[in-house]
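Residue strings, one per chain:
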Amino acid sequence: MSKALIVYGTRTGTAAITAQDIARELQNQGVETKVVDAKKEKIEFIAEYDLIIVGSGIQMGRWTGEPESFLKKFQKELAGKKVALYVNCGSAVEAMNEGKPEVATNARRRYLEEKAAKCNLAPVALGFFGAIYNFNTMSWIMRKGMEGERPKLAAAYKETQPGVYDTRDLDRIRNWTRELLTKMQ
Ligand SMILES: Cc1cc2nc3c(=O)[nH]c(=O)nc-3n(C[C@H](O)[C@H](O)[C@H](O)COP(=O)(O)O)c2cc1C
């Protein structure tokens, strides 16, 4: 395996940071990797890539539009390629789902399995990763909604900077990336 493309869409930056984390791990494993913010760059050709990873943050149950458009635009070509999907979302945050394991199960199905099926894809891997909550930059309405959850976040996660809780498990993201390469061999 020589070349990978990661295409992502993000609203508050989480899926971008995750794309960089995945890219770093791929590069550590000797895979040349290009990372594209689908909002900023249009992709015209994908023939040169052996692996294509498409990811998004989730808001109100929805992916961002640009990676969805990418999946639609290249649907035929992607069917003949190794593809992986990932999402960053609040539903994957275990500390917030106490006693409600079905929240994560349902979200994984909706955001990843149904998305793959809709695009006629059989991905080699589906990555279901947590959120980054930044209380400094979130909109006031979001802060209003999240303030009640903040003590739970603070109890479960160390702030990476004041007011920033990264609920993602970086080891899980790295392992997912390595396993993905193993599955492709
Ligand atoms: C307005 C808003 C709506 C959200 N809706 C959902 C949702 O429906 N399901 C979910 O699991 N997470 C939801 N989240 C949490 C986001 O998925 C989480 O913040 C994620 O890190 C966003 O990724 P991004 O920064 O790449 O856009 C929501 C967050 C915001 C701000």
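Residues numbered from 1 in each chain as written. Predicted model: local features only at pLDDT ≥ 70, side-chain atom pairs only at ≥ 80, totals over all residues. Heavy atoms only, no water.

**Description of a nonpolar patch on the surface**
Convention followed: Each patch is built from residues that are more than 30% exposed by relative accessible area and take part in no salt bridge. Like charges join if they lie within 9 Å; nonpolar side chains (Val, Leu, Ile, Met, Phe, Trp, Tyr) join within 5 Å. We get accessible surface area from the Shrake-Rupley algorithm with a probe of 1.4 Å; when it comes to residues, only the shown protein chains can shield them. A side-chain nitrogen of Lys or Arg and a carboxyl oxygen of Asp or Glu constitute a salt bridge if their distance falls within 4 Å. Here a helix means four or more residues in a row that DSSP labels H or I, a strand means two or more in a row labelled E, and each is numbered from the N terminus. Burial classification: accessible surface area is computed with a 1.4 Å probe over protein chains only, and a residue below 20% of its type maximum counts as buried, one above 50% as exposed, and the rest as partly exposed.
Taken together, the side chains of Trp140, Ile141 and Met142 define a hydrophobic patch exposed on the protein surface, amounting to about 350 Å² of accessible area. Within the element layout of this structure, Met142 appears in helix 5 (residues 140-147). A relative accessible area of 33% means that Met142 is categorised as partly exposed.

**Description of the sheet that holds strand 7 (residues 159-161)**
The criterion, for reference: Two strands form a pair only when DSSP identifies at least two bridges running between them. Every axis corresponds to a line fitted to the C-alpha atoms, with the helix fit spanning only the stretch in contact, and the corresponding angles, defined between N-to-C directions, vary from 0 to 180 degrees.
As summarised here, the arrangement of the three strands in space is 6-8-7, forming an open sheet in which the pairing is antiparallel. Sheet topology places strand 6 (132-134) and strand 7 at the edges, where each strand pairs with a single neighbour. For this sheet, the mean inter-axis angle between neighbouring strands, taken without regard to orientation, is 30°. Where strand 7 and strand 8 (residues 164-166) come together, two bridges link them in antiparallel fashion. Considered in strand 8, the bridge of Gln161 is made with Val164.

**A word on the nonpolar core**
Considering soluble globular proteins, one finds that nonpolar side chains tend to be buried as a cluster. Which entries qualify depends on this criterion: Nine residue types can take part in a nonpolar core, namely buried Ala, Val, Leu, Ile, Met, Phe, Trp, Tyr and Cys, and a core is a set of them joined through side-chain atoms within 4.5 Å. Throughout, a contact is declared for two residues whenever any of their heavy atoms are within 4.5 Å.
Of all hydrophobic cores here, the largest spans 28 residues; its most connected members are Leu5, Ile46, Phe70, Leu78 and Leu85. For this core, the elements supplying multiple residues, two or more each, are strand 1 (3-9), strand 3 (51-57), helix 2 (65-73), strand 4 (82-88), helix 4 (101-118) and strand 5 (125-129). In terms of residues, this core owes the most to one element, helix 4, which gives four residues. Sequence-distant contacts of Leu78, defined by excluding residues within four places in its chain, comprise Ile46, Ile52, Phe70, Leu71, Val83 and Leu121. Counting 22 residues, the second-largest nonpolar core is a separate cluster that includes Ala15, Ala16, Ala125 and Met184.

**Topic: the packing of aromatic side chains**
The condition that has to hold: Only Phe, Tyr and Trp rings take part, Trp by its six-membered ring, and two of them pair if their centres are within 6.5 Å. Stacked means planes under 30 degrees apart, edge-to-face means over 60, and tilted covers everything else. In this analysis the charged atom, NZ for Lys or CZ for Arg, is taken to sit over a ring once it is within 6 Å of the ring centre and within 35 degrees of the ring normal.
Tallied over the entire structure, the rule returns four aromatic pairs. Where Phe70 meets Phe74, the ring centres are 5.0 Å apart and the plane angle is 50°; that geometry is what we call tilted. Phe74 matches Phe70 in its accessibility class, with the two residues each being buried. Geometrically, the ring pair formed by Phe135 and Tyr165 is edge-to-face, given 5.8 Å between the ring centres and 90° between the ring planes. On the criterion of sequence distance, the pair formed by Phe135 in the loop between strand 6 and helix 5 and Tyr165 in strand 8 is long-range, its members being 30 residues apart. Residue Phe135 is classed as buried on the basis of its relative accessible area, which comes to 4%. The exposure class assigned to Tyr165 is buried, which follows from its relative accessible area of 4%. Every member of this aromatic cluster is reached through a ring pair, and the members are Tyr86, Phe129 and Trp176. A cation over a ring is seen here: Arg150 above Phe135, with NZ or CZ 4.4 Å from the ring centre.

**Looking at the domain arrangement of the protein chain**
The extent of an interface is frequently quoted as the accessible surface area lost upon association of the parts. Definition in use: How far each domain reaches was decided by an automatic or database domain assignment. When two parts are brought into contact, each loses some accessible area as probed by a 1.4 Å sphere; the total of that loss over both is the buried area. In the scheme used here, Gly and all other residues not listed as nonpolar or charged are polar, with Ala, Val, Leu, Ile, Met, Phe, Trp, Tyr, Cys and Pro taken as nonpolar and Asp, Glu, Lys and Arg as charged.
Partitioning the protein chain into structural domains gives domain 1 (3-131 + 170-184) and domain 2 (132-166). Between the C-alpha centres of domain 1 and domain 2 the distance comes to 24 Å. If you look at the interface, domain 1 gives 10 residues, while domain 2 gives 10 residues. For the pair domain 1 and domain 2, the summed buried surface comes to about 730 Å²; carbon and sulfur atoms form 63% of the total. Among the residues of domain 1 in contact with domain 2, Ala95, Met96 and Ala131 are the three that bury the most area, contributing 65% of the side total. Our count for the contact surface shared by domain 1 and domain 2 stands at zero salt bridges. Class assignment of the residues belonging to the side of domain 1 that touches domain 2 gives a composition of five nonpolar, three polar and two charged.

**With respect to the side chain of Asp21**
Going by this rule: Nitrogen and oxygen atoms within 3.5 Å of one another constitute a polar contact, given that in protein one can donate a hydrogen and the other can accept it, and given that sequence-neighbouring residues count only through two side-chain atoms.
When you line up the elements, Asp21 lands in helix 1 (residues 14-28). We classify Asp21 as buried; its relative accessible area is 10%. At a separation of 2.8 Å, a polar atom in the side chain of Asp21 contacts the side chain of Arg168. Among all residues touching Asp21, those that are not within four sequence positions of it are Arg168, Leu170 and Ile173.

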